Amino acid sequence: MCVFVPNKRKVHSLTGRITPQLMEVAFKAVKRNRGAAGVDRVSIQMFEKNKEANLAALMRQLKDGSFRPFPLRRHYLDKGGGKFRPLGIPAVRDRVAQEVIRRLLAPIFTPLFHEASFGFIQGRNCHQACARVLQFHEEGFRFVLDADIVGFFDNLPLAIIMAAVAAEVADGNILRLIEKFLRAGVMEKGVFKPTTIGTPQGGVITPRTQWITWDFFDGAA
């Protein structure tokens with residue numbers, strides 16, 4: 001069971017930590033991860049040609065609250081056997097903005113995650129998870145329970161996701177930015193579909209909001 005222990009003091013001044021240096025680091029991370037263009041058709045290479053102006057404009061929008069993410073571009077990942085996983089591809093500038101938010105949130109939430117949580121957490125990986133399993137085996141455990149809640153993250157109410165983040169963060173601008181990402185919607189075959197529930201699969205910030213919410217649920221339980 002994962003245990004999520006809220007801090008006694010919430011973090012207030014995250015917006016002030018958005019600096020040109022952070023914007024540059026976030027862009028480099030997005031560039032390193034590559035990825036396709038979003039609905040605006042702007043590739044990483046196109047964004048980089050006017051990088052300084054693009055990052056400066058994006059930083060102003062993130063800090064003054066005027067930022068509005070583009071809808072995600074729908075793409076289906078073939079899982080085999082006739083099954084497809086719907087993904088949402090954000091625009092490059094939105095991926096940079098999400099990476100900025102991720103880097104602001106990570107120092108707050110990472111210490112709160114259970115020591116047995118390994119997915120999408122900096123400094124943890126699948127090799128460590130395998131080592132933990134081997135450790136349990138050496139301690140005499142012989143059974144493994146494999147459980148999955150079908151469509152769990154696809155059906156999370158947005159209010160619950162935001163409550164999990166707001167339990168630690170009191171910066172209203174950052175909370176509004178996260179909610180904007182969650183409600184950005186999806187463009188599929190030229191048709192806009194609003195997002196009213198769940199976390200969109202495919203964005204930079206998605207796995208972090210999922211784990212924050214999951215551990216928030218366990219802590220509340």
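Residues numbered from 1 in each chain as written. Predicted model: local features only at pLDDT ≥ 70, side-chain atom pairs only at ≥ 80, totals over all residues. Heavy atoms only, no water.

Chemist: Help me understand the layout of surface pockets in this model?
Modeler: One number sums up the size of the second largest pocket: a volume of about 270 Å³. Surrounding the second largest pocket, 13 residues form its lining, Arg74, Asp154, Ile197, Thr199 and Pro200 being those nearest its centre. Split into classes, the residues belonging to the lining of the second largest pocket amount to five nonpolar, five polar and three charged. (1 Å grid on protein atoms, 1.4 Å probe; cavity = no way out; pocket = protein on both sides within 12 Å on 5 of 7 lines; lining within 4 Å. Points joined across faces, edges and corners; volume = space filled by probe spheres on them. Nonpolar A, V, L, I, M, F, W, Y, C, P; charged D, E, K, R; others polar.)

Chemist: Which parts of the structure should I look at to understand unusual backbone geometry?
Modeler: The phi torsion of most residues other than glycine is negative, and most of the peptide bonds are trans. For Arg34, which is not a glycine, the phi torsion comes out positive at approximately 55 degrees. Residue Arg34 is classed as exposed on the basis of its relative accessible area, which comes to 66%. Positive phi, close to 65 degrees, is recorded for Arg41, a residue that is not glycine. Inspection of the secondary structure puts Arg41 in the loop between helix H1 (20–33) and helix H2 (44–49). Take Arg41: its relative accessible area is 61%, and that puts it in the exposed class. (Buried < 20%, exposed > 50% of the residue type's maximum accessible area, 1.4 Å probe, protein only. Helix = DSSP H or I, 4+ residues; strand = E, 2+ residues; numbered from the N terminus.)

Chemist: When you look at the packing of H1 against helix H3 (residues 51–64) in this model, what are you seeing that I'm missing?
Modeler: Relative placement of two packed helices is described by the angle separating their axes and the distance separating the axes. As a packed pair, H1 and H3 sit with axes 10 Å apart at the nearest point and diverge in direction by 115 degrees. With respect to the hand of their crossing, H1 and H3 are arranged in right-handed fashion. Residues Pro20, Met23, Glu24 and Phe27 of H1 lie in contact with H3, whose contacting residues are Lys51, Leu55, Leu58, Met59 and Leu62. Residues belonging to the contact of H1 with H3 are distributed by class as follows: seven nonpolar, no polar and two charged. (Axes fitted to C-alpha atoms, helices over the stretch in contact; angles between N-to-C directions. Left-handed = near helix turned anticlockwise from the far one by under 90°. Contact = heavy atoms within 4.5 Å.)

Chemist: Hey, could you run me through the pairing of strand E2 (residues 83–89) in this one?
Modeler: In summary, the side chains of a regular strand alternate between the two faces of the sheet. Sheet analysis places strand E1 (residues 72–80) next to E2, joined by seven bridges and oriented antiparallel. Residue pairing in the sheet places Arg73 in a bridge with Ile89 of E2. Taking the residues between adjacent antiparallel strands as the criterion, E1 and E2 are bridged by two residues, where Gly81 takes a positive phi near 65 degrees. (Pairing = 2+ DSSP bridges.)

Chemist: Before we go on, may I ask you to explain the confidence of the model for the chain in this structure?
Modeler: Any residue range with low pLDDT should be treated as having predicted coordinates unsuitable for detailed reading. Considering every residue of the chain, the mean pLDDT works out to 87; 88% of them sit at 70 or more. Low confidence marks residues 1–7, where pLDDT is under 50. Its contacts with residues over four positions away, or in another chain, come to 24 contacts. (pLDDT = per-residue confidence, 0-100.)

Chemist: How do you make sense of the sheet that holds E1 when you look at a structure like this?
Modeler: Sheet strands line up and pair through hydrogen bonds in the backbone, either parallel or antiparallel. Pairing is mixed in the open sheet, where four strands are placed in the order E2-E1-E3-E4. Of all the strands in the sheet, the pair left with one neighbour each is E2 and strand E4 (191–193). Averaged over all neighbouring strand pairs, the angle between strand axes comes to 45 degrees, with direction disregarded. Sheet topology places E1 next to strand E3 (residues 186–188); two bridges connect them, and they run parallel. Paired with Leu72 across the bridge in E3 is Val186.

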